[in-house]
Amino acid sequence: MKKTCTFFGLVMVLILITAVAFSSPVLAGSVLKKTYHLTFATQMPLGHLVSRAGDLIVKRAAELSAGKIKIKHYAAGTLFKDKEIPEAVMSGGCSMGIATSSRWAGHAPANHFWELPFLFSNKKQVESVADAVIPIIDKELESKGGKLLGFVYYGDADAIGNTKRPVHRPGDLNGLKLRSFSALLSKGLEAAGAAPVVMSSAEVYTAIQRGTIDGGCSGSTTFVVRKWMEVLKYITVVHGMICYPALPFTLGINKNVWDRMEPAARKIMMQVAKEAWKYSSDEVLNETAKAIKTLKAQPNLKVNEITFGSKEWKEWRDVMFESSKIKFLEIGGDKAPEILKIVKKYE
C-alpha cells in the first residue's frame, strides 16, 4: 500500500511539472533565439503608479524571457518629455513608451476619447471599453509606425487648482488662466469661461510660481508628486470630470522593433503589458484616495470635492460635455463615432 501511494505521488508530481512546463510563459523565454535590448520612456516621477507599472514591465519581461528581453526604463521624462514620447516611439528614438492618451492621439486620433470630460461612469466601463478599442487604436498606430501594447492606469484626472479663489461651480473658473492637458479638456474649460493653456505637467510648478498661469488641471497624484500643492491655494476635485474613476495612459512600441521580435518574445511583451494593466488597476483607486488625503492635509490649501452624480456635478457636466464632444467628433478621425458607440454600449 505504501509503495502504491509513493508511486501515485510521484506520478502526480510529474504530471504537475509537465503541466507547468507547458503552460508557463517562462518556457517561452527559454526558447528565445535572440536577446533584445529595448529602451523604454515614461514621463511621471519616480514612485508614481505609472513609473511603478513601467518598472514591473521591465522586471516581468526579464523573468519571463530568462533574461533575454532587457528593457532600460527611463522614467520621469529623463529620455523624452511627455509630449515627445509618442513621436520618439514611432520614429525609433526609443523602443517603447507610456504617455497620455492625447499625446498618442497625434498618431491615432481616435485615442483622444479618453480625455472627453464626463464620458465615463464606472471602472468596469473603462476596462471594457479599453479591451474593445484596442483593435481600432492599434490599427491607427500601425499605419504610422507603432504598435499598441495596451494601457496603464494613471489615476484620476479630476483636480483643478488655482491661486486666486475657491471654485465650486463652473462659472467660478471665469477668467482663470489654467494649464490643460488636452484639446478636449480645453474645450470644456473654455465653455466654463476659463482660458486654458496646454503644457507639460513638468512645466506647471514654475509657471504657477512665476504667475504665468493661475493654476492647472491634472490628477490628484500629480498635484502631490510634482509638488503643485506647494504653490496653490485652492483645489477642486470634480470626481468623474475625466474618465471616471481613473484615466488610462497608452503603452506603445515601435512597429519595426515589434516586427523584428520572434513570436515567443511578442507573447511575453503582450503578457507583461496585461500584468502592468492589472497591477495599475488594482492600485489606482487607493493611490487617488491617498493623494486627496495628502492634499487635504496641506495647511496652505483649501480642498473642495464635487461628488460624482451630485447636483453640482451635473452642472459641471452640462457645461463641459457637449462642447468637448463636438470637438472630439471634429478631431477624432473617422472612428470617432464608432468609439462613442462603444462607450455607450458599456455604460
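Here, the structure is the one placed above.
Think of each chain on its own: its residues are numbered from 1, step by step along the sequence as written. In keeping with the model being predicted, local features are shown solely for residues with a pLDDT of at least 70 and side-chain atom pairs are shown and tallied solely at 80 or more, while totals for entire chains, interfaces and linings include all residues. Side-chain calculation: all heavy atoms of the structure are included, whereas hydrogens and water are not.

Caption draft 1: A look at helix α11 (residues 263-296). An ideal rise of 1.5 Å per residue puts 50 Å on 34 residues; α11 measures up with 49 Å between its terminal C-alpha atoms. Note that the bend at a residue is defined as the angle between axes fitted to the seven residues ending at it and the seven residues starting at it. Only DSSP runs of H or I with at least four residues qualify as helices, and only runs of E with at least two residues qualify as strands; both kinds are numbered from the N terminus onward. Of all bends in α11, the biggest is about 40 degrees, found at E283. Every helix has an expected span of 1.5 Å times one less than the residues it contains.

Caption draft 2: Broad picture of unusual backbone geometry. With an omega of 0 degrees, the peptide bond running from Y244 to P245 counts as cis. Within the fold, P245 resides in the loop between β9 (234-238) and β10 (247-254). Look at A66: it is not a glycine, yet its phi comes out positive at around 55 degrees. Assignment of secondary structure puts A66 in the loop between α3 (49-64) and β2 (69-74). Backbone geometry places C243, a non-glycine residue, at a positive phi of 55 degrees. To sort residues, take the accessible area from a 1.4 Å probe on protein chains only and compare it with the maximum for the residue type: under 20% means buried, over 50% means exposed, and anything in between is partly exposed. The class of C243 is buried, set by a relative accessible area of 0%.

Caption draft 3: Up close: the state of the cysteines. The disulfide definition used here is simple: a pair of cysteine sulfur atoms within 2.5 Å. Enumeration according to the criterion identifies zero disulfides in this entry. Here C217 stays unpaired: no disulfide links it, and the sulfur of C243, its closest cysteine neighbor, is 16 Å away.

Caption draft 4: A look at the environment of I292. Structurally, I292 can be placed in helix α11. What makes I292 buried here is its relative accessible area of 8%. Distance in space between the C-alpha atoms of I292 and V303 is 8.6 Å, their sequence separation being 11 residues.

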